[in-house]
Amino acid sequence: MQVGGEDGHKSAKVLAEEVASLRARLDERDAEIARLQGLVDIDPLLPLLNRRAFLREAERAWASSVRHGHGLAVIYLDIDGLKTINDAHGHAAGDAVLGYVCEVVTANMRAGDLAGRMGGDEFALLLTHLTSRQAETKAEELCGKIGAGGVPTDAGRVQVTATCGVCSSRGQATLKELLRTADERMLALKRAAR
């Protein structure tokens, strides 16, 4: 049996409108999923990758460096005395310090570099196509810029310093070793400064 005439065309038109409506809703849901996936990778306080996302992306960069034979370096950066700042000036001041360090880090990154907040007052930067000496120079520059001038907070200007440990991929068998070595070097510098 065939349905023809005007009623048949209305049914096709209604069906086409329903399909278009469903596609629009599906597109909206896809956009929301993409937005939420982005939030899962970003630190809740700072516009940086969180630890999980940083490690995932660093593994990709590590694999690329092994495949193409270019070097990587990691800078493991720790804000000195953030707990003291929080205790003396409040957590809003500590958050301002974290934001300031984040701004310095991101302003001094190149397009292929990665930065992430590893937890609390620790950050990691993965730098591509740099020698060990270039990475050490970059770490010195970051620490100098972080320590320059202090951070304005509601509690007044707070002086901030940071300690950086650096390790290049030369001689490191895995990304995990690279990160661990940079972290250990940062901790050794902190201990020596006490």
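Residues numbered from 1 in each chain as written. Predicted model: local features only at pLDDT ≥ 70, side-chain atom pairs only at ≥ 80, totals over all residues. Heavy atoms only, no water.

A. Main features of the overall build of the chain. Helix and strand counts for the chain come out as six helices and six strands. What you see in the chain, going N to C, is helices and strands ordered as α-α-β-α-α-β-β-α-β-β-β-α. Radius of gyration (C-alpha) of the chain: 25 Å, far over the 16 Å computed for a compact globule of 194 residues. Oriented by its inertia axes, the alpha-carbon framework of the chain measures out at about 90 × 50 × 20 Å. Looking at the chain as a whole, 40% of its 194 residues qualify as buried. On the chain, roughly 11,400 Å² of surface is accessible, and the fraction owed to carbon and sulfur atoms is 55%. For the chain, the centre of its 25 positive side-chain charges and the centre of its 27 negative side-chain charges are spaced 5 Å apart. (Helix = DSSP H or I, 4+ residues; strand = E, 2+ residues; numbered from the N terminus. Rg over C-alpha atoms; globule rule 2.2 N^0.38 Å. Buried < 20%, exposed > 50% of the residue type's maximum accessible area, 1.4 Å probe, protein only. Areas by Shrake-Rupley, 256 points an atom, 1.4 Å probe, with all protein chains shown as cover. Lys, Arg positive; Asp, Glu negative; His and termini not counted. Charge placed at Lys NZ, Arg CZ, Asp CG, Glu CD.)

B. Local environment of the pairing of strand 1 (residues 72-79). The element strand 1 is largely enclosed, with a buried count of eight among its eight residues. Side chains of strand 1 alternate between two faces, with Leu72, Val74, Tyr76 and Asp78 and Ala73, Ile75, Leu77 and Ile79 buried alike. As paired strands, strand 1 and strand 3 (residues 122-128) are joined by seven bridges and run antiparallel to one another. The partner of Leu77 across the bridge, within strand 3, is Phe123. Relative to strand 6 (residues 162-168), strand 1 runs antiparallel, the two sharing seven bridges. Across the sheet, the residue bridging to Ile75 is Val166, located in strand 6. (Pairing = 2+ DSSP bridges.)

C. View of the sheet that holds strand 3. Strand order across the open sheet formed by four strands is 2-3-1-6, with antiparallel pairing between neighbours. Pairing within the sheet leaves two strands with one partner each, and these edge strands are strand 2 (114-119) and strand 6. Ignoring which end each strand starts from, the neighbouring axes of this sheet average 20° apart. Each of strand 1, strand 3 and strand 6 is contacted by helix 5 (residues 132-147), which is oriented at about 170° to strand 6, the strand it contacts most. In this fold helix 6 (residues 175-193) packs onto strand 1, strand 3 and strand 6, with an angle of close to 145° to the strand it touches most, strand 6. (Axes fitted to C-alpha atoms, helices over the stretch in contact; angles between N-to-C directions. Contact = heavy atoms within 4.5 Å.)

D. Highlighting the pairing of strand 2. For strand 2, the buried fraction is high: five of the six residues fall into the buried class. Where strand 2 lies against strand 3, five bridges are found, and the strand directions are antiparallel. Looking at the pairing, Leu114 lines up with Leu126 of strand 3. Counting the residues in the hairpin turn of strand 2 and strand 3 gives two residues, including Gly120, whose phi is positive at 40°.

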